[in-house]
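Reading the structure
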Amino acid sequence: MTSPVAIDGSSPTLIASAQRALRLLEAAARYPKGATAKQLARDTGLALGTAYHLLRTLVHDHYLERHSGHYLTGPAVAGLVRDDGPAAGRARLKTLLDALAEELSAAVYFTWYRNGEVELIGAAEAPGAPLIDRHRWRTGAHAHSAGKTLLALMTAEERRDHLARHPMVPFTAHTLRDPAALPLLSRQGPRRSVPITQFQEYSLGAAGAAVPVVAGNGIGAVSISLPMTQAHRLVGIAAQLRTRLGDDFASVAFGL
């Protein structure tokens, strides 16, 4: 078989670990009900130890899911297949947000860190819980709960860059202004973290809470807001959001 050639005519650099991971992914896709690590190692001709190592990575980044010792394709794979392009992703996101807002009786927001900026991708309100001002979402990341969550997930360099471009100006008398006081979160297992909350830091009369969404190297947050008259509900709803949130939003993020 002829060896592949790069555009400039030279032989390309092939990353063996990437090839092995893709072979495992292709093999897993052939088992709709899932396959064991031994089956996948046998199908791909990989040593079992190597297969386990790569499978753990693929599960961590949501390309595979592991259930009862069997591996199935995960939400990140669905996000790579865009039957209808970004429009389909936005439609799926709207459905998710509308359902969550109705279930929690709170306004819900999906925020993603993209191209070095904190971007509000979608939002849905609920009766008695209107959406808060979204025009300052990017510049006010240090004040609302979704932005605080993204800042907490960023690397130190990313955080410094963001705050250099969008300083921690006061939006209300309650706005946090000290970068050293911002919370920090690990991207490893962020779902175990306590939801990040804020009370009237971004907008007077409103409180919010957010939980992180990590998909591969991408970071985001699903947040809620409530009028201060309902602030007593915030902790309970934030805990409910934390347990309710699955891989749906990670999958949507890959498809947008």
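Structure: see above.
The rules behind each value
- Residues numbered from 1 in each chain as written.
- Predicted model: local features only at pLDDT ≥ 70, side-chain atom pairs only at ≥ 80, totals over all residues.
- Heavy atoms only, no water.
- Helix = DSSP H or I, 4+ residues; strand = E, 2+ residues; numbered from the N terminus.
- Buried < 20%, exposed > 50% of the residue type's maximum accessible area, 1.4 Å probe, protein only.
- Contact = heavy atoms within 4.5 Å.
- Areas by Shrake-Rupley, 256 points an atom, 1.4 Å probe, with all protein chains shown as cover.
- Phe/Tyr/Trp six-rings, centres within 6.5 Å; stacked < 30°, edge-to-face > 60°.
- Lys NZ or Arg CZ within 6 Å of the ring centre and 35° of its normal.
- Polar contact = N/O pair within 3.5 Å; in protein donor to acceptor, adjacent residues only side chain to side chain.
- Arc of directions from axis to C-beta.
- Pairing = 2+ DSSP bridges.
- Axes fitted to C-alpha atoms, helices over the stretch in contact; angles between N-to-C directions.
- Expected span 1.5 Å × (residues − 1).
- Core = buried A, V, L, I, M, F, W, Y, C linked by side-chain atoms within 4.5 Å.

A tally of regular secondary structure across the chain gives nine helices and seven strands. Residues counted as buried form 46% of the 256 residues belonging to the chain. Contacts spanning at least 24 positions in sequence make up 60% of the contacts within the chain whose residues lie at least 6 apart. Accessible area for the chain stands at about 13200 Å²; split by element, carbon and sulfur atoms hold 55% of it.

Tallied over the full model, the rule gives four aromatic pairs. Residues phenylalanine 171 and tyrosine 202 carry aromatic rings whose centres are separated by 5.7 Å and whose planes lie at 40° to one another, so their mutual orientation is tilted. Note that phenylalanine 171 is positioned in the loop between helix 7 (156–165) and strand 5 (196–199) and tyrosine 202 in the loop between strand 5 and strand 6 (206–215), a separation of 31 residues in sequence. Every member of this aromatic cluster is reached through a ring pair, and the members are Tyr109, Trp137, Phe171 and Tyr202. Sitting over the ring of tyrosine 202, arginine 136 keeps its end group 5.4 Å from the ring centre.

Tracing the chain through its elements places histidine 62 in the loop between helix 3 (48–60) and strand 1 (64–67). Under the relative-accessibility criterion, histidine 62 is labelled buried at 13%. There is a polar contact of 3.0 Å between the side chain of histidine 62 and the backbone oxygen of valine 214.

We now examine helix 7. Among the residues of helix 7, those classed as buried are Arg159, His162 and Leu163. Along the axis of helix 7, the buried positions cluster into a sector of 95°, meaning they face one direction only. Across from the buried face of helix 7, at angles greater than 90 degrees, the exposed residues are Glu157, Arg160 and Ala164. Looking at the buried positions of helix 7, the neighbouring elements they touch are strand 4 (117–124) and helix 6 (145–153).

The next subject is the sheet that holds strand 5. Hydrogen bonding along the main chain pairs the strands of a sheet, whether they run parallel or antiparallel. Spatially, 4-3-7-6-5 is the arrangement adopted by the five strands of the open sheet, whose pairing is antiparallel. Two strands bound the open sheet, and with one partner strand each, they are strand 4 and strand 5. Ignoring which end each strand starts from, the neighbouring axes of this sheet average 25° apart. Where strand 6 and strand 7 (residues 218–227) come together, 10 bridges link them in antiparallel fashion. Within the sheet, the bridge partner assigned to alanine 209 lies in strand 7 and is isoleucine 224.

Turning to the pairing of strand 7, a few remarks are in order. In terms of burial, strand 7 is a largely internal element, 10 of the 10 residues being buried. Covered by surrounding structure in strand 7 are Gly218, Gly220, Val222, Ile224 and Leu226 together with Ile219, Ala221, Ser223, Ser225 and Pro227, the residues of both alternating faces. In this sheet, strand 7 lies alongside strand 3 (residues 107–114) in antiparallel orientation, the contact comprising six bridges. Bridge pairing in strand 7 places valine 108 opposite isoleucine 224.

Structurally, glutamate 201 can be placed in the loop between strand 5 and strand 6. When residues no more than four places from it in sequence are discounted, the contact partners of glutamate 201 are His142, Ala143, Lys148, Phe171, Thr172, His174, Thr175 and Leu176.

Looking now at helix 1 (residues 16–29). The end-to-end C-alpha distance of helix 1, which contains 14 residues, comes to 20 Å, matching closely the 20 Å that a straight helix rising 1.5 Å per residue would cover. Looking only at helix 1, the buried set comprises Ala21, Leu24, Leu25, Ala27 and Ala28. Along helix 1, the residues classed as buried sweep out an arc of 165° about the axis, all on the same side. Summarising the geometry of helix 1, the exposed residues directed more than 90 degrees from the buried face are Leu22, Glu26 and Ala29.

Of all hydrophobic cores here, the largest spans 27 residues; its most connected members are Val222, Ile224 and Phe249. Residue assignment for this core shows that the elements contributing at least two residues are helix 5 (86–104), strand 3, strand 6, strand 7 and helix 8 (234–244). With six residues, the single largest contributor to this core is helix 5. Grouped together as the second largest cluster of nonpolar side chains are 26 residues, Val118, Ala143, Phe171 and Ile196 included.

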